Amino acid sequence: MSREKRIAIVELESHNEVLRAYLLVLLELDYSILCLTTMFNFMQLGDLQNRDTIEFILKEKHESYEDYFFENKSKLVQCEAAIITTLPLREVFFRKYKFSCISIFVVHKYHTYFNPTKNINLESIKDIGRFIKGKIAGYSNTYLKAISNFDGIVMPSTTSYNYARQQDKHGPIKLLGSLDFAINEYVSKPQLHDVLRIVIPGTIGLKSRNYIPVIEALKGLVNRIDTNVQIHLLGRPQGTYGKDIIRKCKALESKKLSFCFYNDFIDQDKFDQIMYNADFLILPIAEYMKFDIYNEKNGYSCVSGNVNDMVKYGLPSILPSHYPLDKNLENVVGRYEDSEDLGRILEQWISHKTYDKLKTNASHFFSFYKPSVMSQKFGRVLEHII
């Protein structure tokens with residue numbers, strides 16, 4: 001009797017949305033799944049928690065990485081491969097640890113790992129302190145040593161894969177392709193509620209989003225809106241920047257325009273419900289994402305989770321023109337260059353219900369990102385190494 005094919009997926013930080021997307025795709029393949037993750041991620045997976053074909057091995061907070069992987073070595077050795085979505089690579093343990101099966105690491109920060117010197121961005125005294133600390137601790141060398149222990153790397157989108165291949169800074173490490181985590185689960189239908197609901201998902205911070213064009217666009221629109229509009233800033237405010245953005249939004253409120261804010265962690269079920277009820281999204285993705293002291297180019301050296309939000313929930317969206325999208329997604333979005341451009345697009349979408357017109361054919365364009373379709377792409381990548 002032939003042995004059951006088994007694949008592992010490892011997510012030991014807090015990217016439960018990435019983990020869910022990959023699990024959905026792997027469930028379409030002929031594998032049973034070993035999932036090594038945290039209790040936090042597990043609790044956000046909802047309907048996947050009781051799948052017969054997924055075995056969850058949860059790491060306790062107090063448990064060392066050494067003990068955790070030693071205890072599960074016998075399970076990993078039975079796997080054809082392990083896909084590692086996120087690991088705390090700064091941990092000294094990972095400088096030496098090599099998975100007991102073929103391992104594939106998903107690179108979410110290409111500049112930070114492979115070209116840090118050319119992408120340093122010191123903006124404050126704190127940044128200088130981080131730079132000095134990183135030099136002393138040897139973080140860059142730790143990253144490279146840990147990543148060299150994997151059998152191959154992948155990027156999280158086709159565009160980022162092409163960018164990494166062109167940059168070619170990863171040396172002898174095998175770049176196998178892309179494993180996308182923008183996976184479609186739903187397609188939004190025209191809503192019947194009286195209030196137009198716009199959602200801006202994500203933490204309200206400087207790291208990877210730019211809310212200023214949105215606020216400036218709304219300033220010009222607030223007195224011209226004839227529809228009741230409710231905007232959800234679906235994420236916690238981060239630092240003084242986040243609080244300042246909320247303050248500026250509150251100053252714009254009127255009889256026709258209102259905002260909803262969220263100061264606490266938003267549970268996945270609540271997040272889902274708000275997204276189900278959205279008419280469309282605004283995705284104010286910054287051109288560059290700051291990770292520690294390094295700049296990552298959004299859409300190229302890293303990808304934005306906001307695009308995953310758009311694809312997952314099948315929602316028309318408005319986003320900056322600098323962010324690269326697959327050609328299919330261009331059919332369900334509006335693009336802006338600046339706040340003036342965004343204001344014009346918003347006025348058109350609100351006045352003419354452009355978002356509902358886009359929803360007419362949205363299911364066709366989002367169908368290219370269904371788990372069953374993406375599994376074919378995953379299968380081709382896995383064939384290179386298994």
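Conventions used here
Note that residues are indexed from 1 along each chain, following the sequence as it is written. Only residues with pLDDT of 70 or above have their local features reported here, since the model is predicted, and side-chain atom pairs are shown and tallied only from 80 upward, although totals for entire chains, interfaces and linings are computed over all residues. Where side-chain values are given, they derive from all heavy atoms of the structure, hydrogens and water being excluded. Here the term buried applies to any residue with accessible area under 20% of the maximum for its type, exposed to any over 50%, and partly exposed to those in between, with areas from a 1.4 Å probe on protein chains only. Think of it this way: any DSSP run of H or I at least four residues long counts as a helix, any run of E at least two long counts as a strand, and we number them from the N terminus. In this description, strands pair whenever DSSP reports at least two bridges between them. If you view a crossover with the strands going away from you and the path from the first strand over the helix to the second runs clockwise, you call it right-handed. Axis definition: a line fitted to C-alpha atoms, limited for helices to the stretch in contact. Angles are taken between N-to-C directions and run from 0 to 180 degrees. Salt bridges are identified by distance alone: a Lys or Arg side-chain nitrogen within 4 Å of an Asp or Glu carboxyl oxygen.

(A) Local environment of the pairing of strand 10 (residues 257-260). The alternating pattern of strand 10 places L257 and F259 on a buried face and S258 and C260 on a face that is not buried. In the sheet, strand 9 (residues 229-234) pairs with strand 10 via four bridges, with the strands oriented parallel. From the neighbouring strand, H232 faces strand 10, where its bridge partner is C260. Of the crossover connections in this fold, the one passing from strand 9 over helix 11 (residues 239-250) to the parallel strand 10 is right-handed.

(B) Structural context of the pairing of strand 8 (residues 196-201). In terms of burial, strand 8 is largely enclosed, as five of its six residues are buried. Pairing geometry for strand 8 and strand 9, over six bridges, is parallel. Across the sheet, residue L196 finds its bridge partner in strand 9, namely V229. Regarding topology, helix 10 (residues 212-221) serves as the crossover connection from strand 8 to the parallel strand 9, and that connection is right-handed.

(C) Fine view of the sheet that holds strand 10. The six strands are arranged 10-9-8-11-14-15 in an open sheet whose pairing can be described as parallel. Both edges of this open sheet fall to strand 10 and strand 15 (333-336), since each of them pairs with a single strand only. The sheet shows a mean angle of 25 degrees between the axes of neighbouring strands, direction not considered.

(D) Main features of the pattern of salt bridges. Within this structure, the stated rule accounts for 18 salt bridges. R6 is paired through a salt bridge with E55; the nearest N and O atoms lie 2.3 Å apart. Here the residue R6 occupies a position in strand 1 (residues 6-11), and E55 occupies one in strand 3 (residues 54-59), the gap between them amounting to 49 residues. Across the pair R20 and D47 runs a salt bridge, and its minimum N-O distance is 2.9 Å. Remark: D47 occurs in the loop between helix 2 (39-43) and strand 3 and R20 occurs in helix 1 (residues 16-26); sequence separation between them is 27 residues. One continuous salt-bridge network, built from bridges that share partners, spans R20, D47, E185, D272 and K312.

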